[in-house]
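# Coordinates in review
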Amino acid sequence: MRSQKVIKNPPEFCIDCGACTKHCEFLTKYDINLLDFSKRKDLAFNCFLCDKCYAVCPKDISGNEIALKHREQIKKPFRYLNFLKSPYLYANNSAKKSRELVFFGCNFPGFLPRTTRKIIEIFEPLGIDFSIDCCGKPLFEGQGQFDRTKAHLNELFAAKGVETLILACPNCYHFLKDKIDIKIKTLYEKFEEFGLNHEIKEEAHMFYPCPERIHKPIFETFKKYVPNYKTSFTDVNCCGLGGLAKSNEPQIAADYPQKLKDKNLPNLYTYCATCCGNFAKNGVQNIKHIATVMTDVNESPNTNYFKNVLSLKFYKRNRK
Ligand code: SF4
Ligand code: SF4
């Protein structure tokens, strides 16, 4: 029977079948499998945490889990990341009470500024406030640390009386879902309540973000609106920005968008702003974020990242 992939086994379960190496550029480069990787702490930050290896491993062993365990022991300082994300430098929060809160994360406003504004404008008259802030995933992946961010987020949500988070980012969604005690829903579930979702009729070549590799709970919330979707990128493991690995593996990080480009397919879609933005930065022109289509903004990913996050940091809420 095919594994349902709900648990992750220790690397000692390895039967040396070679599937993980065959499907991963990083493991191939160092000519190792996941069991070997578990003994190579020096490669902790060379793994993109994409978990393609887990998807193909007959013994359900996860490279993501191995890399995070290595990283916990390394204690790399990540001074810039700490400076940027703890607390998030471009955050925009308010003291307004809001039982539901649209949580954009950090990259959505950075790459999709007009869509961000439109979503704020849709929800603001309904008494639904927004938060631009970091969910804590990058620091967790770097240092295994979440306590400070968790305390900050819990304080923010408690002060605002938040009961439900509406999440715009798949990384925030999958990272926070088991870590906070607040109900979560996807942007598309909320759009559904207001009849905003609409059908994308064309053949849509879908790039799934890494956290949705095995189970796709976010995709499921809008799948019926993409009846002609195609899973065309099973051999592109990551957008290239996963797992803080880009600086150690620049060539592999550059090869991922190139692979997408080489396929030369029309109508590329994803639902991760980070993937969208990174592909656009690397010359993939025809990629659209599902949220920008559903809101009729139809914005191409905007690569003026810092200009965008800065302008949204100072976005003024309607004070009524
Ligand atoms: S998580 Fe991704 S990059 Fe890391 S070993 Fe697995 S397939 Fe390779
Ligand atoms: S796919 Fe799994 S069982 Fe096969 S070599 Fe890799 S870790 Fe071992």
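Residues numbered from 1 in each chain as written. Chains lettered and ligands numbered in written order. Predicted model: local features only at pLDDT ≥ 70, side-chain atom pairs only at ≥ 80, totals over all residues. Heavy atoms only, no water.

In this section: the packing of aromatic side chains. Inspection of the entire model under this criterion finds 26 aromatic pairs. Ring centres of Phe 219 and Phe 222 lie 5.3 Å apart, and the angle between their planes is 90°; this geometry places the pair in the edge-to-face category. Across this residue pair, the class does not change: Phe 219 and Phe 222 are buried. Cluster of aromatic residues (ring-pair linked, three or more members): Phe 123, Tyr 188, Phe 191, Phe 194, Tyr 208, Phe 219, Phe 222, Tyr 229 and Tyr 271. The ring of Phe 45 carries the charged tip of Lys 76 above its face, separated from the ring centre by 4.5 Å. The ring of Phe 130 is capped by Arg 317, whose NZ or CZ atom sits 3.9 Å from the centre of that ring. (Phe/Tyr/Trp six-rings, centres within 6.5 Å; stacked < 30°, edge-to-face > 60°. Buried < 20%, exposed > 50% of the residue type's maximum accessible area, 1.4 Å probe, protein only. Lys NZ or Arg CZ within 6 Å of the ring centre and 35° of its normal.)

What follows is about the environment of Lys 190. Relative to the helices and strands, Lys 190 resides in helix α12 (residues 187-193). C-alpha of Lys 190 to C-alpha of Val 102: the two residues are 88 residues apart in sequence and 9.5 Å apart in space. Discounting residues that sit within four places of it in the chain, Lys 190 has contacts with Glu 100, Phe 123, Ile 128, Ile 166 and Lys 185. (Helix = DSSP H or I, 4+ residues; strand = E, 2+ residues; numbered from the N terminus. Contact = heavy atoms within 4.5 Å.)

Moving on, we get to the site of ligand 1. Taken together, Cys 24, Phe 26, Leu 27, Cys 47, Phe 48, Leu 49, Cys 50, Asp 51, Lys 52, Cys 53, Gly 63 and Asn 64 make up the full set of residues adjacent to ligand 1. Looking at the shell around ligand 1, the elements that each hand over two or more residues are α2 (25-30), α4 (52-56) and α5 (63-74). (Near = heavy atom within 4 Å.)

This brings us to the pattern of salt bridges. Applying the stated criterion across every chain yields a total of 19 salt bridges. For Lys 185, the salt bridge identified is with Glu 100, shortest N-O distance 3.3 Å. With Lys 185 in strand β4 (residues 183-186) and Glu 100 in strand β1 (residues 100-105), this residue pair connects regions lying 85 residues apart in the sequence. The pair formed by Lys 185 and Glu 100 is uniform in burial state, with each residue classed as buried. A salt bridge links Lys 224 to Glu 192; its shortest N-O distance comes to 3.2 Å. Taken as a pair, Lys 224 in the loop between α13 (217-220) and β6 (229-230) and Glu 192 in helix α12 lie far apart in primary sequence, 32 residues in all. Judged by relative accessible area, Lys 224 falls into the exposed class, the value being 59%. Assessed through its relative accessible area of 32%, Glu 192 is described here as partly exposed. Counted as one network, the salt bridges with shared partners bring together Glu 100, Lys 185, Lys 190 and Glu 193. (Salt bridge = Lys/Arg side-chain N within 4 Å of Asp/Glu carboxyl O.)

Taken by themselves, the reported measurements are silent on function.
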